[in-house]
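# Report on the structure
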Amino acid sequence: MAVAAGIDLGGTKIETRVFADDWSVLDTRRTATPDGYDALVAEVLDHLKWARTARSDIAVGVGSPGFVDRVTGTMTTANLPATGRPLPSDISEAFGAPVTFVNDCRAFTLSEAVLGAGQGARSVMGLVMGTGLAGGLAVNGVLLPDLNGIAGEYGHTPLSAEVVAKHNLPLLTCGCGRTGCVETLAAGPGIVRLAQHLGHDARDTRTIFTDPSCAPVLDVWAEIMGALIAALMATIDPDRIVLGGGVSNMPDVTGRLARATDQTLLRGSRSPEFRIAQGGPESGARGAALAALEASRG
Ligand SMILES: [Zn+2]
């Protein structure tokens, strides 16, 4: 029986999956993301109506890049034509019922915490390493309540001053408008920038992870990430860190991060467990569906 549905709202495609009570996928619908705002609202509405054909009272959640201002209801997003627009309330209004909205990296984290590589851990930090660097925190199977919806934007915390000084790293302007964010040198494109700064002519992440001559680049990358994770341990101290995104598929990423974290953790404290995500392509929709189910239970 259909238990919930999730809409994965991406910059290029919108994907809806209907889940059975054992979380297997019953049905999937995929369409291209429209360019304009009104067309976007109409397209998401179509997906919501389609999900409701599986079951008329099914819980449906939307996982989306960006943040929703909790006071004004407007969105900020680099990947959708919705910045400054109240996308969640416009969709709920058109649909005639409240629709749960969750950031896509928080949806990934919830999906992994409840049904993936985070199962059995009390607190799970999701860390998606792709073109950006972001994630979320789930405690006892639910996302941490937060003020702005930005809990998990680790990529926009400062690079470790110690690592910057040691390797004379550049402080670059980030897409968020600030300078020296971790993401500028540690997400996928950031690793390529890091390699170039260190004198390597590598053009893509895979080359850096597989060409032995790039090993020093990976050592510095691991130091940057180790310092970030040590800072996260000193604030939220999760049991387990689940890695997702393209960079997590590179060789020995869990080993590199575990060793680097060990070297910089507060003395006397233990490293978290590092795991690779299990969810695959349905993670975003599954996390949005889980968030909707949780919201429907009040
Ligand atoms: Zn930033």
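You'll find the structure just up there.
### What to know about the coordination of the zinc ion
- Within the protein, the zinc ion binds to H156 (ND1), C174 (SG), C176 (SG) and C181 (SG); these donor distances fall in the range 2.0 to 2.4 Å.
- Taken together, the four donor atoms coordinating the zinc ion and their angles of 102 to 122° define a geometry best described as tetrahedral.

### Some points on the environment of P81
- Secondary-structure assignment places P81 in the loop between strand 6 (75-76) and helix 2 (87-95).
- Sequence separation of P81 and P34 is 47 residues, and the distance between their C-alpha atoms is 8.4 Å.
- Residues in contact with P81, not counting those within four places in the same chain, are P34, D35, G36, Y37 and L40.

### Notes on the side chain of S111
- Of note, S111 is situated in helix 3 (residues 104-115).
- Each residue touching S111, except ones within four places of it in the same chain, is listed here: G116, S283, R286, G287 and L290.

### As for the packing of helix 3 against helix 10 (residues 283-296)
- Their axes nearest at 7 Å, the elements helix 3 and helix 10 cross at an angle of 80°. Of the possible angle classes, the one that applies to helix 3 and helix 10 is roughly perpendicular. In this structure, helix 3 contributes A107, F108, L110, S111, E112, V114 and L115 to the contact, and helix 10 contributes S283, G284, R286, G287, A288, L290, A291 and E294.
- Of the residues contributing to the contact of helix 3 with helix 10, the split by class is eight nonpolar, four polar and three charged.

### Quick notes on the pattern of salt bridges
- This structure, assessed with the given rule, holds 11 salt bridges.
- One salt bridge connects E15 with R17, and the closest N-O pair in it is separated by 2.9 Å. The residues E15 and R17 share a single accessibility class, namely buried.
- Here D201 and R203 are joined by a salt bridge, their closest N and O atoms 3.4 Å apart. Per residue, the accessibility class of D201 equals that of R203, and both read exposed.
- Sharing partners across several salt bridges, the network here consists of E15, R17 and R30.

### Some points on the packing of aromatic side chains
- Per the counting criterion, the structure on display carries two aromatic pairs.
- Here F19 and W23 contribute two aromatic rings whose centre-to-centre distance is 5.3 Å and whose plane-to-plane angle is 50°, an arrangement assigned as tilted. Taken as a pair, F19 and W23 share a single burial class, namely buried.
- Geometrically, the ring pair formed by F209 and W221 is edge-to-face, given 5.4 Å between the ring centres and 80° between the ring planes. Taken together, the positions of F209 in helix 7 (residues 205-210) and W221 in helix 8 (residues 215-235) put the pair 12 residues apart, joining distant regions of the chain.

Thresholds applied
- Residues numbered from 1 in each chain as written.
- Predicted model: local features only at pLDDT ≥ 70, side-chain atom pairs only at ≥ 80, totals over all residues.
- Heavy atoms only, no water.
- Donors = N, O, S within 2.8 Å, 3.2 Å for Na, K, Ca; no water.
- Tetrahedral: all angles 85-135°; square planar, octahedral: opposite > 155°, others 65-115°.
- Helix = DSSP H or I, 4+ residues; strand = E, 2+ residues; numbered from the N terminus.
- Contact = heavy atoms within 4.5 Å.
- Axes fitted to C-alpha atoms, helices over the stretch in contact; angles between N-to-C directions.
- Parallel < 35°, antiparallel > 145°, perpendicular 65-115°, else oblique.
- Nonpolar A, V, L, I, M, F, W, Y, C, P; charged D, E, K, R; others polar.
- Salt bridge = Lys/Arg side-chain N within 4 Å of Asp/Glu carboxyl O.
- Buried < 20%, exposed > 50% of the residue type's maximum accessible area, 1.4 Å probe, protein only.
- Phe/Tyr/Trp six-rings, centres within 6.5 Å; stacked < 30°, edge-to-face > 60°.

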